[in-house]
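Take a look at the letters that make up each chain.
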Amino acid sequence: MDFEGEPPPEEWGLDPFFFMFAKLYIKDILELKPSNRGRKIHFYKSHPVTKVEILGTVVFKQDREKYTCYGVDDSTGVVRCLCWKNGRQNKVSDSGHSTGVLPGARQQQELQELSTLELGDLIRARGRVQTYREQMEISAYSYCKVDDPTLEVQISWMREVPRLYRKYYDKPRLGSDAVKRPGDTGAAGPLTLSKLVTLMSEQLREFLRESKVSTFCLQDLETVDSLVSVACRPLESVSTEEEAEIAASTAKRVRHVFTHATRKLEEEGLVFVKKYYPVKVYQVTVQDQELLRVTRQIILADCALPCNAEQGCHFLEVFRSVSERFRSVNKAALRQVLDALELSSDIVSSTRSHYVAF
């Protein structure tokens, strides 16, 4: 696996991974990179990982005096999961609920006498990742047997985890630059034109989310005082004569910042160009009902073909057909559309790259 460089310890807490139970595939848990600064911190790419959540089938069981070790298989790999008996960790339960939610501490204590996990049972566990004899394992904080006769929990997991990878896990970490507030320069250095564009893209993303705007042009943005005030922030450093010329003119700076910030959102797939003439009009991707409808129809038609009967329609096939109709829609935008269709249960991802429509 290709890992990025390890961030300094003072930036670990800036990444949500440091505090969350990351829902990683077991294959990726087994390949986590230990930190150079201690065995309790591991890294998935550049994200610091301390705790994980897994869902899988018990494939082996080793009973010890202080704990039971379960081998958990999620079809990508098998990891050892240590479930403690001495009260230091939460006890096992058999709640009988498909959600796999653990009951209270008193109920856990009572159920521990009555419940066991056997081979073939479905287990959900949360715990700390650790290395033992050069092998990754999980020391469980909490765990439960999941009753899932209709496969509801497993299907939900299969839909959620690939989305988490695409949206968060495989994205660059949130470093100190990403969490800077307007006006904070600090270790990130003086405010430059490029940093102002990045700041504006964040502000614009939040504005589109809160205002529920579906279509806009650059002239529309220039009427929003809160956005213009960000674009007009004084620059503390310019590196070229061209940047100095842009910084010297308020009108040029506002247009430059809005243009390049919108371009960033376009590259991320959050917006795409709906119309070019007489002015360039942008469309918020997931709010384009025509794009959503056409994409679903394409997947539905392609899944009817014999070659797609088993796994569904491949992402690249969908993209090729969609781009013939919507030429400015890039792959990142199509990912946004597919995620929206999955959330509305119009399609489901059968693999990381294949989709089936209903």
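Below you will find a few notes about this structure. In this text, all values refer to a predicted model and were calculated from it rather than measured experimentally. (Residues numbered from 1 in each chain as written. Predicted model: local features only at pLDDT ≥ 70, side-chain atom pairs only at ≥ 80, totals over all residues. Heavy atoms only, no water.)

## Concerning the side chain of Asp 339
At step 1: Looking at the element boundaries, Asp 339 is found in helix α11 (residues 331-343).
At step 2: The class of Asp 339 is buried, set by a relative accessible area of 5%.
At step 3: The contact partners of Asp 339, leaving out residues within four places of it in the chain, are Arg 163, Arg 166 and Lys 167. (Helix = DSSP H or I, 4+ residues; strand = E, 2+ residues; numbered from the N terminus. Buried < 20%, exposed > 50% of the residue type's maximum accessible area, 1.4 Å probe, protein only. Contact = heavy atoms within 4.5 Å.)

## Observations regarding the packing of aromatic side chains
At step 1: Under the criterion given, the structure shown has seven aromatic pairs.
At step 2: Ring geometry for Phe 21 and Tyr 141: centres 6.2 Å apart, planes at 80 degrees, overall edge-to-face. Here Phe 21 is found in strand β1 (residues 21-22), whereas its partner Tyr 141 is found in strand β9 (residues 135-145), with 120 residues between them in sequence.
At step 3: With a relative accessible area of 22%, Phe 21 lands in the partly exposed category. (Phe/Tyr/Trp six-rings, centres within 6.5 Å; stacked < 30°, edge-to-face > 60°.)

## Concerning the sheet that holds strand β15 (residues 354-357)
At step 1: Strand order in the open sheet made by the three strands is β13-β15-β14, with antiparallel pairing throughout. Of all strands in the sheet, those bounded by a partner on one side alone are β13 (313-314) and β14 (347-349).
At step 2: Across three bridges, the pairing between β14 and β15 is antiparallel. Within β15, the residue paired with Val 348 across the bridge is Val 356. (Pairing = 2+ DSSP bridges.)

## Description of the packing of helix α7 (residues 241-248) against helix α8 (residues 250-267)
At step 1: Running from amino to carboxyl end, α7 crosses α8 at an angle of 110 degrees, the nearest separation of the two axes being 5 Å. As judged from the angle between their axes, α7 and α8 are roughly perpendicular. Of the residues in α8, those touching α7 at Glu 245, Ile 246, Ala 247 and Ala 248 are Thr 250, Lys 252, Arg 253 and His 256. (Axes fitted to C-alpha atoms, helices over the stretch in contact; angles between N-to-C directions. Parallel < 35°, antiparallel > 145°, perpendicular 65-115°, else oblique.)

## Describing the sheet that holds strand β10 (residues 215-216)
At step 1: With antiparallel pairing, the three strands of this open sheet are ordered in space as β10-β12-β11. Among the strands making up the open sheet, the edge pair consists of β10 and β11 (271-275).
At step 2: Strand direction decides the pairing type here: β11 and strand β12 (residues 281-284), joined by four bridges, are antiparallel. In the strand pairing of β12, Phe 272 is matched with Gln 283.

## Let's talk about the packing of helix α3 (residues 152-169) against α11
At step 1: Contact geometry of α3 with α11 gives a least axis separation of 12 Å together with a crossing angle of 155 degrees. The orientation of α3 with respect to α11, classified from their angle, is roughly antiparallel. For the element pair α3 and α11, the recorded crossing hand is left-handed. Seen from α3, the contacting residues are Arg 159, Arg 163, Arg 166 and Lys 167; seen from α11, they are Arg 335, Asp 339, Glu 342 and Leu 343.
At step 2: In terms of residue class, the contact of α3 with α11 is built from one nonpolar, no polar and seven charged. (Left-handed = near helix turned anticlockwise from the far one by under 90°. Nonpolar A, V, L, I, M, F, W, Y, C, P; charged D, E, K, R; others polar.)

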